[in-house]
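# Reading the structure
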Amino acid sequence: MAGVTGAEVNVGYAFSNTWGTPASVTRGALIKSTAGLDGGPTMVDDDAFNQAFIGEGEVGDYAALTPEIGMQMRFEGAVPIWMAAAMGSAAAPVVLSSQAANSLVAAQHVLTLAARPGKFLTLACDMGSPSQYVLENPAVKVRGFSVKVGENGRMEISFTCISAKPVYDGAVNTNSTVAGVTAQTLSTRVYRNAGTFRLGLQSAGSLTATDAVTIAKDLSFGVTVPMTTDDVVFGQSYIIEPDVDGFPEFPVEITYATMNTISANSMAIALKTGGVFKADLTFTGANINSTTARNLLVQWPALQLYSFAAEAASHGKIRPTATFKAKQASAAPTGMAFTQPMRVTWVNANSTNLLS
């Protein structure tokens, strides 16, 4: 009898309204692995005196799951939606252009940071329809993400999540339910060669083409929101909805392809003085219609340099690395009309609110 392969696994998700109660999944997600989504209750042994060997245990609490769910960066589908869930706030979409009686709509989505991100998901994985089970995580909170350059220049994203507990015999998301969801098109991936990273002093004028860092080789950035993972209460065996448990962090790291004045002298001096920069990162994709292309813009109004290294080893080439943390700006810098540590703007063919 043939076994199940990853080609037969389908993944669906939906926003849920009640922690621990699953919603029927309606959208597909192209995740890279189900690692970290499985789990079960802890087994509680009785190690009291007057027994030679420990007997059969009893079922105790479920430990919270903390999976990292990886995806390839795409302009359409789950990635913008899950990023919105991690950041906490998404403005109503603004239609930029449309053609053919609104059938080719280009919409702009502005994502900002909420003090308490409150959205969570139901995630269901059909593990080989129709004969196998559905791995269902009724309540999954996205508490951050990390973006980096992947193989052959494709951009990749990993979402850090907290899950209450998995269910293997749920009645809401069955094989047929999950099999019925459709993921986004495969042809809208984001690539390094379509990106431009600009960096300049926060006190300087608006970023221009001359601020483009053309020697940026690797770039990673993200959002990390500390959240509680161990609040199991009386009356249930899994955690209550996680809440923010500290200050969010917004790391940015650049690895330069070569060492020169831009990547060495300026960074070394800025490190000594606690230099503050502003930066943006833009990716441009395929056209939605003849007027508007898919686009991703990430902006940081206050990037403070935390570390710099230009390590020399033998006679090898030196590739400096600079690590920043995005902060709340004391005032909106020239060219950016906001002060939050980070803002993300998507332009794609989804004309509904990303958090709806």
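Here the structure is shown first, and the text comes after it.
Remember, it's a predicted structure, so these values are computed and weren't measured experimentally.

### Brief notes about the side chain of Thr188
Mapped onto the fold, Thr188 is located in the loop between α2 (175–179) and β12 (195–201). What makes Thr188 buried here is its relative accessible area of 5%. Those residues within four positions of Thr188 in sequence are excluded, and the remaining contacts are Met73, Arg74, Phe75, Glu76 and Arg294.

### Examining the environment of Ser16
Looking at the secondary structure, you find Ser16 in strand β1 (residues 9–16). Relative accessible area serves as the criterion here: at 6%, Ser16 is assigned to the buried category. Between the alpha carbons of Ser16 and Ala139 there is a distance of 7.2 Å; along the sequence they are 123 residues apart. Ser16 has contacts with Thr21, Ala23, Phe120, Leu121, Thr122 and Pro138, leaving out every residue within four places of it along the chain. Here Thr18 takes part through its backbone oxygen, which lies 3.4 Å from a polar atom of the side chain of Ser16.

### A word on a negative patch on the surface
Taken together, Asp45, Asp46, Asp47 and Glu58 make up a surface patch of like negative charges. For Asp45, a relative accessible area of 46% gives the class partly exposed.

### Quick look at unusual backbone geometry
Excluding glycine, a negative phi dihedral is what most residues carry, and trans is how most peptide bonds are arranged. The backbone of Asn50 shows a phi angle near 70°, a positive value even though the residue is not glycine. One can find Asn50 in the loop between β3 (41–44) and β4 (58–62). Its identity is not glycine, yet Ser314 carries a phi of approximately 55°, on the positive side. Its location among the elements puts Ser314 in the loop between β16 (293–309) and β17 (321–326). Ser314 gets classed as exposed once you look at its relative accessible area, which sits at 76%.

### Points about the side chain of Lys141
As for its position among the elements, Lys141 is in strand β10 (residues 134–149). Residue class for Lys141 comes out buried when judged on its relative accessible area of 3%. Of the polar contacts made by the side chain of Lys141, one reaches the backbone oxygen of Pro242; its length is 2.8 Å. Setting aside residues no more than four positions away along its own chain, Lys141 makes contact with Trp19, Pro117, Gly118, Lys119, Phe120, Thr160, Cys161, Ile162, Met227, Glu241 and Pro242.

### Observations concerning the packing of aromatic side chains
Taken as a whole and assessed by the stated rule, the structure comprises nine aromatic pairs. Ring geometry for Tyr13 versus Trp82: centroids 5.7 Å apart, planes at 85°, classification edge-to-face. Taken together, the positions of Tyr13 in strand β1 and Trp82 in helix α1 (residues 78–87) put the pair 69 residues apart, joining distant regions of the chain. The exposure class of Tyr13 is buried, given its relative accessible area of 1%. An aromatic cluster is defined as three or more aromatic residues linked by ring pairs; in this entry it consists of Tyr13, Trp82, Phe145 and Phe159.

### Points about helix α3 (residues 261–273)
Between the first and last C-alpha of α3 there are 17 Å, a value that for 13 residues agrees with the 18 Å anticipated at 1.5 Å per step. Approximately 30° is the largest bend angle found in α3, and it occurs at Met267. By the burial criterion, the buried members of α3 are Ser263, Ala264, Met267 and Ala270. In the stretch just after α3, Gly274 is the one whose phi turns positive, near 65°.

### Concerning α1
For α1, the buried fraction is high: ten of the ten residues fall into the buried class. Of the residues making up α1, those classed as buried are Ala78, Val79, Pro80, Ile81, Trp82, Met83, Ala84, Ala85, Ala86 and Met87. Gly88 lies just past α1 and shows a positive phi near 105°.

### A word on the nonpolar core
Counting 77 residues, the largest nonpolar core has Trp82, Phe145, Leu199, Trp300, Phe324 and Met342 as its most contacted members. Phe145 has contacts with Met83, Ala86, Met87, Ile157, Ser158, Phe159, Phe221, Gly222, Val223 and Met342, leaving out every residue within four places of it along the chain. In terms of nonpolar packing, the next biggest core, distinct from the first, is built from five residues, Val25, Ala124, Val178 and Val181 among them.

### With respect to the environment of Ser97
With respect to the secondary-structure elements, Ser97 resides in strand β7 (residues 94–97). A C-alpha to C-alpha distance of 7.4 Å links Ser97 and Ala107, two positions ten residues apart in sequence. If sequence neighbours within four positions are ignored, Ser97 has contacts with Leu104, Val105, Ala106, Asn289, Thr291 and Thr292. At 3.1 Å, the side chain of Ser97 and the side chain of Asn289 are in polar contact.

### Notes on the environment of Gly6
Counting through the fold element by element, Gly6 comes out in the segment before β1. The exposure class of Gly6 is exposed, given its relative accessible area of 63%. Counting along the chain gives 60 residues from Gly6 to Thr66, while the straight-line C-alpha distance between them is 22 Å.

### Overview of the pairing of strand β8 (residues 106–113)
Across the eight residues of β8, seven count as buried, placing the element largely inside the fold. In terms of strand pairing, strand β6 (residues 88–90) meets β8 through three bridges, oriented antiparallel. Its bridge partner being in β8, Gly88 is matched across the sheet by Leu113. Alignment of β7 against β8, held across three bridges, turns out to be antiparallel. Across the sheet, Ser97 pairs through a bridge with Ala106, a residue of β8. Two strands pair when backbone bridges link them, and β8 and strand β18 (residues 343–348) are joined in this way by five bridges, in the antiparallel orientation.

Basis of the calculations
- Residues numbered from 1 in each chain as written.
- Predicted model: local features only at pLDDT ≥ 70, side-chain atom pairs only at ≥ 80, totals over all residues.
- Heavy atoms only, no water.
- Helix = DSSP H or I, 4+ residues; strand = E, 2+ residues; numbered from the N terminus.
- Buried < 20%, exposed > 50% of the residue type's maximum accessible area, 1.4 Å probe, protein only.
- Contact = heavy atoms within 4.5 Å.
- Polar contact = N/O pair within 3.5 Å; in protein donor to acceptor, adjacent residues only side chain to side chain.
- Patch = residues over 30% accessible without salt bridge, like charges linked within 9 Å, V, L, I, M, F, W, Y side chains within 5 Å.
- Areas by Shrake-Rupley, 256 points an atom, 1.4 Å probe, with all protein chains shown as cover.
- Salt bridge = Lys/Arg side-chain N within 4 Å of Asp/Glu carboxyl O.
- Lys, Arg positive; Asp, Glu negative; His and termini not counted.
- Charge placed at Lys NZ, Arg CZ, Asp CG, Glu CD.
- Phe/Tyr/Trp six-rings, centres within 6.5 Å; stacked < 30°, edge-to-face > 60°.
- Expected span 1.5 Å × (residues − 1).
- Bend = angle between axes of the 7 residues up to and from the residue.
- Core = buried A, V, L, I, M, F, W, Y, C linked by side-chain atoms within 4.5 Å.
- Pairing = 2+ DSSP bridges.

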